[in-house]
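Summary of the model geometry
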Amino acid sequence: MLVVEIVWLEYNPCFAWCHPTGASAGRANPNCVNLIRSCARQVAAARETTAHSQGRHSRPSTLFGYSRRIPATFFAQGSNKMPGHKQHTLPTFQRFVEVGRVVLINDPSSPANGKLATIVEIVDHGRALIDGPTTSVPRQSVAFRRVILTPFVIKGLPRGARSATVGKAFEKAEVSKKWEASGWKRNIDARAIRRSLTDFQRFEVMLLKRQRRDIIGKGLVKAKRAQA
């Protein structure tokens, strides 16, 4: 079994490990071990010289420096990572500003707020040309901060496509159908309905939620009693 010699010194700590690669597989790397031993001898000699010059006895080198042998299998072969180390990967960003990307207009001052449109051309790093003939969004240039990128993309849409081409591609990709079935759209509709409720309607919602909690609580109690 290949072992690794690690030397720790009181005033000059140093350590090294050798991986079983190439011709050195099955035995310790002599260059690595010799370097550590040379370091230990130099520090020991320096300590003894300092002790004699100060008129005191030095401790044996085995007291302030020691070596121990650790199996090389402690480290993964070909890697300097500790065992059990998990490599974490960040999720890849998927929504890019591109021609054919469907966006949601987020501009309260615009009459097209909350509607979908398609990017047909990128003007610069801060603006894009959008068009939404099927969603009543006129062709216009908007800032990226006024729109939200959606996960929908119309593949194969040419740059600077005309409104008729954009409308046909939008309908062919069934973007409106996918948008209506998404949870994003349902949450927007729910918030709009909640904002339009009157005080009495909000009171009724509170009572219905209370009834739902009671029904769920009683069902859990019955299930626990049945299991017991």
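Remember, predicted model here, so these are calculated numbers, not experimental data.

Overview of the overall build of the protein chain
Secondary structure summary: the protein chain contains six helices and seven strands in total. Taken across its 228 residues, the protein chain has 28% of its residues classed as buried. Taking all contacts inside the protein chain whose residues are at least 6 apart in sequence as the whole, residues at least 24 apart take part in 52%. Here the protein chain has roughly 16400 Å² of accessible surface; of this, 56% comes from carbon and sulfur atoms.

A closer look at the pairing of strand S6 (residues 137-143)
The pairing of strand S5 (residues 127-132) with S6 spans five bridges and is classified as antiparallel. Bridge pairing links Leu129 to Ser141 in S6. Between S5 and S6, which pair antiparallel one after the other, the connecting turn spans four residues, and Ser136 there sits at a positive phi close to 60°.

With respect to the packing of aromatic side chains
Taken as a whole, this structure holds two aromatic pairs when the rule is applied. Both rings, one in Phe93 and one in Phe96, keep their centres 5.5 Å apart while their planes meet at 85°; by these two values the pair is edge-to-face. For Phe96, a relative accessible area of 44% corresponds to the partly exposed category. Aromatic side chains Trp179 and Trp184 sit 5.3 Å apart centroid to centroid with 70° between the ring planes, which places their arrangement in the edge-to-face category.

What to know about unusual backbone geometry
Despite not being glycine, Ser136 has its phi angle at roughly 60°, a positive value. Locating Ser136 in the fold gives a position in the loop between S5 and S6. The phi dihedral of Glu174 is positive, around 55°, even though this residue is not glycine. Its place among the elements puts Glu174 in the loop between helix H3 (163-172) and helix H4 (175-180).

Some words on the environment of Ala128
Considering the arrangement of structural elements, one finds Ala128 in strand S5. Given a relative accessible area of 1%, Ala128 falls into the buried group. For Ala128, the contacting residues outside a window of four places in its chain are Ile119, Glu121, Ile122, Val123, Gln140, Ser141, Val142 and Phe144.

Here's the deal with the sheet that holds S6
Strands sit in the order S6-S5-S4-S3-S7 across an open sheet of five strands; the sheet is antiparallel. Among the strands making up the open sheet, the edge pair consists of S6 and strand S7 (147-153). Neighbouring strand axes in the sheet, compared pairwise and without regard to direction, differ in orientation by 40° on average. When strand S3 (residues 101-105) meets strand S4 (residues 116-122), the two strands line up antiparallel, connected through three bridges. Counterpart to Leu104 in the pairing with S4 is Leu116. Relative to S7, helix H5 (residues 183-195) is tilted by about 140°, and along the sheet it contacts S3 and S7.

Quick notes on the pairing of S5
Pairing analysis gives four bridges linking S4 to S5, with the strands arranged antiparallel. Bridging across to S5, Ile122 finds its partner in Ala128. If you look at the hairpin formed by S4 and S5, you'll find four residues sitting between the two strands.

The rules behind the values
- Residues numbered from 1 in each chain as written.
- Predicted model: local features only at pLDDT ≥ 70, side-chain atom pairs only at ≥ 80, totals over all residues.
- Heavy atoms only, no water.
- Helix = DSSP H or I, 4+ residues; strand = E, 2+ residues; numbered from the N terminus.
- Buried < 20%, exposed > 50% of the residue type's maximum accessible area, 1.4 Å probe, protein only.
- Contact = heavy atoms within 4.5 Å.
- Areas by Shrake-Rupley, 256 points an atom, 1.4 Å probe, with all protein chains shown as cover.
- Pairing = 2+ DSSP bridges.
- Phe/Tyr/Trp six-rings, centres within 6.5 Å; stacked < 30°, edge-to-face > 60°.
- Axes fitted to C-alpha atoms, helices over the stretch in contact; angles between N-to-C directions.

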